[in-house]
Structures are given as C-alpha cells and as structure tokens.
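Chain residues, written in single-letter form:
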Amino acid sequence: MEALSRTNVCEDRQHGNDKGKCMEKKQKGPGREIAGFLLLGLSLIMLGRSVMLCFSNDIWYDELFTVGLAEHSYGELVRLTAADVHPPLYYCIVKLFTDLCKLILPGAGTIIPAKIVSVLPYFVLLFYAVTLIRKRFGMFTGGMFLFCVTAMPQLSAYTVEMRMYGWALLFVTAAFLHGYALALGGSHLHGAAFVLYGLAAAYTQYFACVAVVMVYLFLLPAFWFLDRRRIREWFLYVAVSVICYVPWLSALAVQLGAVSENYWILPLTWRSLGGCVKFLMKPAFADDRVNTVLAVILFAAYLGIWCRWLLKLCRYRREKSIRCEIRRTDADGTAERFCLAMAGVGVLAGLVAFGFAASLLIRPVFVYRYMIPAVGCFWLGFALCLNEMLCKPKAAAGTSDDAGTVEVELCKQNVGRQTAKERNTGRHNIGSDTFSRTAGIVVTVLIVIVGLRDYRAFMGEEEYKIRLMAETEEALALIGPQDSVVYNFDQVQAVTGYYLPETTARFLWQAEAERLIQEITSPCGTVETADALRKMADAAGEEGTGKNLWFIGSFNSREDIVEEWRDAGLEVEEMGSFLLERYWFNLYKIS
C-alpha cells in the first residue's frame, strides 16, 4: 500500500465540527508549488491582456441588450429584463459600474466600462485561488484552476464579452467552495456566503440557478454522512434562499410562458452530448482534425485520472486491517478531496442533464454556453485530480498523542507489515508511481499548451476586430442625423443603429424588428416594396434637404436585393465592406 505523504496528529471529530481539521506537518512538494506559481503568473498575464482588450468599441447583438439596458434607469432596467429571458442582477452590476465610471470621468461611454465589468469576476476567482483553494489544496491546485477558467477552450472570450456568464461562473464556484468549507464545519460566515452567492447566481442566469441547486444537492449527503443533526441547517439555507427568490417568481413565470410558446434554440440530439465535450475541451489550432483528437485526449485524460483516483481509494479500503488504519487512510483528506472533485464534475453533469431533460420534455432551452456557470466547479475538480496524480508518496512517520496504546502499537505493526510488503514489490510500486507522475506532468504540459493556444487565438481575433472597427466607425460616420438607412438583417440593424445618430431613420427590408430591442434602443420601421423605397430616395434627393438614403446589406442575399432595386430604376453605389464585431456588411448609397 502506498504510504501517506504527510504526518498527522488528529483529534476525534465530534458533532460534525472541525471536520477533517488536523494538526499536521505537510511534506512540501516544491516542484508542484513552483508549477502552481507559474500557472498563476500566466493567468495574471492573460487577465491583464484581457483588461487591455476591453478598450474597444465593438459589440454584437446580445451585448447590445447589456449596453442598452445599462443606459436605462434601474426601474426600467428591471422591467425590460423581466420582458426578456434573464434575471436582472448582472445588468444592475453593469449599470452601477458604468454609472460610477461616468461620475468619475464625465463623457465616458458605456461600452468600455461594461467590458471591464466582464473581467472583474476573474480577479475575484484569483483571490479565491490564492486564499481558500491554496490553503486547503496547495498552490498547484489554485494555479491550475485559475489557468483553466481563464484559458481553456471557449472561456477566454467571456473575459471581455458583455454578458453575464463570467459573473455566473464566479457566483456558482464561490458557492461551491463555501459549501465545501461549510460541510467541514466552517463558521456561519461560510453559511452566509454560501446562501448569498447562491442567490446571486440565481438572480444572474437561470442555468446558474440550476448549478447552485446541484451544489445544494451535493451538500445534503455531506451533512448526512458527517453529522445528520446538520440536516436542519441545510433546510434553513434552502428556506432562506427560496424566500429571497420569491420576488422574482412572477417574472420568471411570465418568462417561462413566453419561452414555452416560442424560442430560438434548436432541438438537441444525442450527438449534442459530444458537442458538450467539444465545447469544453476542443482547442483552437488551425487543423480541425487535430483539435478533435486533442479534445478526445483531454476528455480521456480527465476520465482516466478520475478513475485512477477512485481505484486507489478502493484499494486503500481493501488493504486496511484495523480501526487505526481506517482513520489513517483519510487523515490527509484524500477521500475528502476525491468527493469534492466528484461533486465538481457532478454540478456540471447535473446542469447538462437538466438542460437535456427540459429540452426533450418541454422545448429546446439548452445551448452549450449555458454550461459556463458550472465550469469553475468542473475545472476545480480536474485540478484536484491532477494534483493528486502528481503527489509523490512518502513514508509515514506514525506519531500521535496516544502513542503507547494498544491501538497505536497495532497500527505500527500494520504499517511495518505494509512497509515490508512494499520493499518486496518495490520495483513494481516505483514503476507505477513514476509512470503516474510522468503521465500527470504530460497532461499538465498539454493543458498549458492548449490553454495558451486558445488564449492566443482569442487575443488575435480580438485585435483583428479592433483594427477593422476603426474603418467601420469611419464608414458609419458618413450616415448623418437626417439620413435614412435600410437593412436586410435585424441584428445588424440593431447593432449598427447604436453607433448612428438618434434621429437617423432605420428600416428593415420586408421584415419587422424585435419589439423588445426597439424599446431598449431605438425604433425601426419596415419597407415592403421597391416603389416605397423609390419614394424615400426621391424625398432624400430633393435639393436642399441634405438627406441621403443608405443600404447596409448582410449575407449573399444583399446582392439579389441590390439587383432587384437596380431593375426598378434605382441607382445603388457600393461604398465598401466592413466588419462590426462578428457581422460583415456592405454599405451602399441609394439614389
């Protein structure tokens, strides 16, 4: 049996308090500590770069909701949010921060402060990585966790995107960590933080609420096995959370009714499960086949490390022979950390299971990015598993305050027998341990390579958008306050409209704009026929009016529309092609 890597002096655990609290002398792992600090340093560099990338002026359709709502009053913000499909807390945070920035810097816009809000939760996660996580699990676990939530596939973009997912990730992860501390007999401050973070998650995004429900469900068996008298405490936390969420339930009911009638999300299939894995682990190298292979390797590595840890714990249980060894087996918290890692995976798995069940039984409501609130728990579990794999076994010292008792003597004899057994099979054990640590190092290096490549791809894409945004703003500046603009795509109409003067008239070609976005930003009319467009062009072309008529065309259909207008006798002049965040469009002048 592998020997323990630290010596412990543990007291009996009573009433579920101070669970797992031991006076212990830890064996230091300088290699892992150095690796943890390096990972932390890389994460800090990436977060610093994300702050710099916030100083850009490009937005996309979903971000327009954030920016538009932040420019309304708090009362209007809550009312308009209730008419959408999200809770209001994130928008209130954005408005509070942007209002503070405008108070300090009069004339400041909304977009840059709103982007900075998106990177702030990652600095709070940095705080948790160097405090609670480092103190309980070591610097390597803290550094690997922060690196993963910052750089792993799909996650880098949320450090600057003006949406609620980064904050949802923070709230769920913090609730998970405080719930863990609470299960081990933490103070009532941990209980208060657990409830508050859970409520914050529920008021930020509904799938974050589902993730917090999973955290509550995992806390219940922890209380049951550690101290059943604390079940009443669990029900108290649930009651307080439900009562505090009651004010939003009426808005939630209205939103659920609207979603059940009509929603944009496509149906799920069983292949969507593989899509979940790709979303979490598929990197951003140039060759898509390489990306798919690496996603499979990372998933297999995570599963293999987790299974290896489980088998190791099962082997411990088979080999222990007396009660002293039962306590000694988890004196360093190995099984405790395994349960935490398992719960971290379970929070994400439960969220995905709920999303699939709701989508199959009611209507499609789940997309891959709704996993983001739970990925903090998921990658924390991975960091714990990898840290355990890299641990180097040490010989146990076996000292305690009750030395000399029959139990301790039996324990020493048992340890002696196990040590002799290890000497007889030393070559096998050394080979196994060396292979395990080598595999752990390889996985660590692979994670770093994938993370850095993904962040580099994200950074390059953002820098490209920033460069082209300057040209786009120059083109949009050609459109004056008395001009009219026709569009063939509602999202481009809404987003480009944010950059135009308020008095510029906006129209969609043979379509209607979404009512809510018009209420949040600005109204938009409809043009149905080429004859109506000709009348607009004639009115704009009258001498002395100073008006112009423009067309902002998206997709290949713009060419057919332009051809139709030219056949109707209109002159359509192309001014150029431009990129606004993720939308390519052509600008035309109509006369």
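Sequence order as written defines residue numbering, which begins from 1 separately in each chain. Owing to the predicted nature of the model, reporting of local features is limited to residues with pLDDT of at least 70; listing and counting of side-chain atom pairs is limited to 80 or more, with chain, interface and lining totals taken over all residues. Hydrogens and water molecules were not included; the side-chain quantities draw on all heavy atoms of the structure.

Participant: Help me understand the overall build of the protein in this model?
Facilitator: By definition, any uninterrupted DSSP run of H or I lasting at least four residues is a helix, any uninterrupted run of E lasting at least two residues is a strand, and each is numbered from the N terminus. For the protein, the helix and strand inventory stands at 21 helices and eight strands. Sorting the 591 residues of the protein into buried and exposed places 52% on the buried side. Residue contacts follow a heavy-atom distance rule, with two residues in contact if any of their heavy atoms lie within 4.5 Å. For the protein, the proportion of contacts with a sequence separation of at least 24, taken over those separated by at least 6, is 74%. All accessibility values rest on the Shrake-Rupley procedure with a 1.4 Å probe; residue burial counts only the protein chains present in the view. With the model as given, the accessible surface of the protein reaches about 27500 Å², and the carbon-plus-sulfur share is 63%. Buried means the residue's accessible area, taken with a 1.4 Å probe over protein chains only, is under 20% of the maximum for its type, while exposed means over 50%, and partly exposed covers the values in between.

Participant: Which parts of the structure should I look at to understand a nonpolar patch on the surface?
Facilitator: Patches here: salt-bridge-free residues with over 30% relative accessible area, like charges joined within 9 Å, nonpolar side chains (Val, Leu, Ile, Met, Phe, Trp, Tyr) joined within 5 Å. By salt bridge we mean one thing: a side-chain nitrogen of Lys or Arg within 4 Å of a carboxyl oxygen of Asp or Glu. Taken together, the side chains of Tyr74, Leu96, Leu100, Leu103, Ile104 and Leu105 present a nonpolar region at the surface, about 660 Å² in accessible area. Of all the elements, helix H4 (residues 89–104) adds the most residues to the nonpolar patch, at four residues. You can see Leu103 is positioned in helix H4.

Participant: Please explain the environment of Ala211 as it appears in this structure.
Facilitator: Position of Ala211 relative to the elements: it lies in helix H9 (residues 206–226). Classification of Ala211 as buried rests on a relative accessible area of 0%. Separated by 36 residues in sequence, Ala211 and Ala175 place their C-alpha atoms 9.9 Å apart. Ignoring sequence-local partners within four residues, the contact set of Ala211 consists of Val172, Val347, Leu351 and Ala374.

Participant: Could you clarify how one ought to interpret a negative patch on the surface in this entry?
Facilitator: Charge counting treats Lys and Arg as positive and Asp and Glu as negative, with His and both chain ends excluded. To locate a charge, take NZ of a lysine, CZ of an arginine, CG of an aspartate or CD of a glutamate. Where like charges cluster on the molecular surface, the negative patch consists of Asp560, Glu563, Glu564 and Asp567. Here Glu563 is to be found in helix H21 (residues 557–567).

Participant: Quick question: what am I supposed to make of the packing of helix H11 (residues 271–281) against helix H14 (residues 334–361) here?
Facilitator: When two helices pack together, you describe them by how their axes are tilted relative to each other and by the distance separating the axes. Throughout, an axis means a line fitted to C-alpha atoms (over the contacting stretch in the case of helices), and angles, computed between N-to-C directions, take values from 0 to 180 degrees. Relative orientation of the contacting elements H11 and H14 amounts to 140 degrees, with a least axis distance of 12 Å. Taken as axis vectors, H11 and H14 run oblique relative to one another. In the crossing of H11 with H14, the sense of the turn from one axis to the other is right-handed. Along the contact surface, H11 presents Ser272, Leu273, Cys276 and Leu280, while H14 presents Leu348, Val352 and Phe356. Charged residues are taken to be Asp, Glu, Lys and Arg, nonpolar residues to be Ala, Val, Leu, Ile, Met, Phe, Trp, Tyr, Cys and Pro, and polar residues to be all remaining types, Gly included. Along the lines of polarity and charge, the residues of the contact of H11 with H14 split into six nonpolar, one polar and no charged. Each angle is binned into one of four classes, with values under 35 degrees roughly parallel, values over 145 roughly antiparallel, values of 65 to 115 roughly perpendicular, and all other values oblique. Two helices that cross are described as forming a left-handed crossing if the nearer one is turned anticlockwise from the farther one by less than a right angle, and a right-handed crossing if clockwise.

Participant: Where do I start with the side chain of Ser156 in this structure?
Facilitator: With respect to the helices and strands, the residue Ser156 is situated in the loop between helix H6 (139–151) and helix H7 (165–183). Two N or O atoms form a polar contact when they lie within 3.5 Å of each other; inside protein one atom must be a possible hydrogen donor and the other a possible acceptor, and for residues adjacent in sequence the pair counts only when both atoms belong to side chains. Looking at Ser156, its side chain comes within polar contact range of the main-chain oxygen of Thr150, at 3.2 Å. With residues up to four places along the chain from it excluded, the contact list for Ser156 reads Thr150, Ala151, Asp454, Tyr455 and Phe458.

Participant: I keep staring at the side chain of Glu388 and nothing clicks. Help me out?
Facilitator: Tracing the backbone shows Glu388 in helix H15 (residues 372–390). For Glu388, a relative accessible area of 5% corresponds to the buried category. Residue contacts for Glu388: discarding those within four places in its chain leaves Trp309, Lys312, Thr334 and Arg337.

Participant: In this structure, what is going on with the sheet that holds strand S8 (residues 583–590)? I would like to understand it.
Facilitator: Within a sheet, neighbouring strands are paired by backbone hydrogen bonds and run either parallel or antiparallel to one another. A pair of strands counts as paired when DSSP detects no fewer than two bridges linking them. Pairing is mixed across the open sheet formed by six strands, whose spatial order is S5-S4-S3-S6-S8-S7. Where the open sheet ends on each side, the last strands, each with one partner, are strand S5 (525–527) and strand S7 (572–580). Ignoring which end each strand starts from, the neighbouring axes of this sheet average 30 degrees apart. Summarising the sheet, strand S4 (residues 505–509) and S5 pair through three bridges and their orientation is parallel. Looking across to S5, one finds that Trp509 is bridged to Val527. Relative to the sheet, helix H18 (residues 490–497) contacts strand S3 (484–487), S4, strand S6 (549–553), S7 and S8, its axis offset from that of S8 by approximately 80 degrees.

Participant: How should the pairing of S7 be read in this particular structure?
Facilitator: Where a strand is regular, its side chains alternate between the two sheet faces. In this structure, S7 lies alongside S8, joined through eight bridges in antiparallel fashion. The residue bridging Glu573 from the neighbouring strand is Lys589, located in S8. In this antiparallel pair of consecutive strands, S7 and S8, the connection spans two residues, and Glu581 shows a positive phi of 60 degrees.

Participant: Any chance you could explain the pairing of S4 here in plain terms?
Facilitator: Taken together, the four bridges between S3 and S4 define a ladder with parallel strand orientation. Looking at the pairing, Tyr487 lines up with Leu508 of S4.

Participant: Is there a simple way to explain unusual backbone geometry in this structure?
Facilitator: A negative phi angle characterises most non-glycine residues, just as the trans form characterises most peptide bonds. With a phi angle near 80 degrees, Gln154 is a residue other than glycine that sits in the positive phi range. With a phi angle near 55 degrees, Gln510 is a residue other than glycine that sits in the positive phi range. Position of Gln510 relative to the elements: it lies in the loop between S4 and helix H19 (515–520).

Participant: Sorry, what's going on with the nonpolar core here?
Facilitator: What tends to happen in soluble globular proteins is that the nonpolar side chains get buried as a cluster. Buried residues of nine kinds, namely Ala, Val, Leu, Ile, Met, Phe, Trp, Tyr and Cys, make up a nonpolar core once their side-chain atoms join them within 4.5 Å. Judged by nonpolar contacts, the single largest core of 159 residues is most densely connected at Phe366, Trp379 and Phe382. Ignoring anything within four residues of it in the chain, the contact list for Phe382 reads Met144, Cys148, Tyr302, Ile305, Val443 and Ile447. Membership of the second largest hydrophobic core comes to 16 residues, among which are Val527, Ala540, Val572 and Ile590.

Participant: For this particular structure, what's the right way to read the pattern of salt bridges?
Facilitator: A side chain of one charge can pair with a side chain of the opposite charge if their charged atoms are brought near each other. Taken as a whole, this structure holds 19 salt bridges when the rule is applied. For Arg79, the salt bridge goes to Glu519, with nearest N and O atoms at 2.6 Å. Residue Arg79 is located in helix H3 (residues 74–82), and its partner Glu519 is located in helix H19; the two are separated by 440 residues in the primary sequence. Across the pair Arg582 and Glu581 runs a salt bridge whose closest N-O atoms are separated by 2.7 Å. Members of the salt-bridge network, linked through shared partners, are Glu161, Glu461, Glu462, Lys465, Glu581 and Arg582.

Participant: Explain the confidence of the model for the protein to me, please; I cannot follow it from the model alone.
Facilitator: Close inspection of predicted coordinates is inappropriate for parts of the model with low pLDDT. A score from 0 to 100, pLDDT tells how confident the predictor is in each residue. When pLDDT is averaged along the protein, the result is 85, and 84% of the positions lie at 70 or above. This stretch, residues 321–329, has a pLDDT under 50; its non-local contacts, to residues over four places away or in other chains, come to 23 contacts. Under a pLDDT of 50 for its full length, residues 394–430 has, in the predicted model, 41 contacts with residues more than four places off or in other chains.

Participant: Would you take a moment to explain the packing of aromatic side chains for this structure?
Facilitator: Given two aromatic rings, one states the distance between the centres and the angle between the planes to describe the pair. Pairing of aromatic side chains requires ring centres within 6.5 Å, counting the rings of Phe and Tyr and the six-membered ring of Trp. Pairs whose planes differ by under 30 degrees are stacked, by over 60 edge-to-face, and all others tilted. Counting across every chain of the model gives 33 aromatic pairs. Seen from their ring centres, Phe279 and Tyr368 are 6.2 Å apart, and the 40 degrees between their planes marks the pair as tilted. Residue Phe279 is found in helix H11, and its partner Tyr368 is found in the loop between H14 and H15; the two are separated by 89 residues along the sequence. Judged by relative accessible area, which is 11%, Phe279 ranks as buried.

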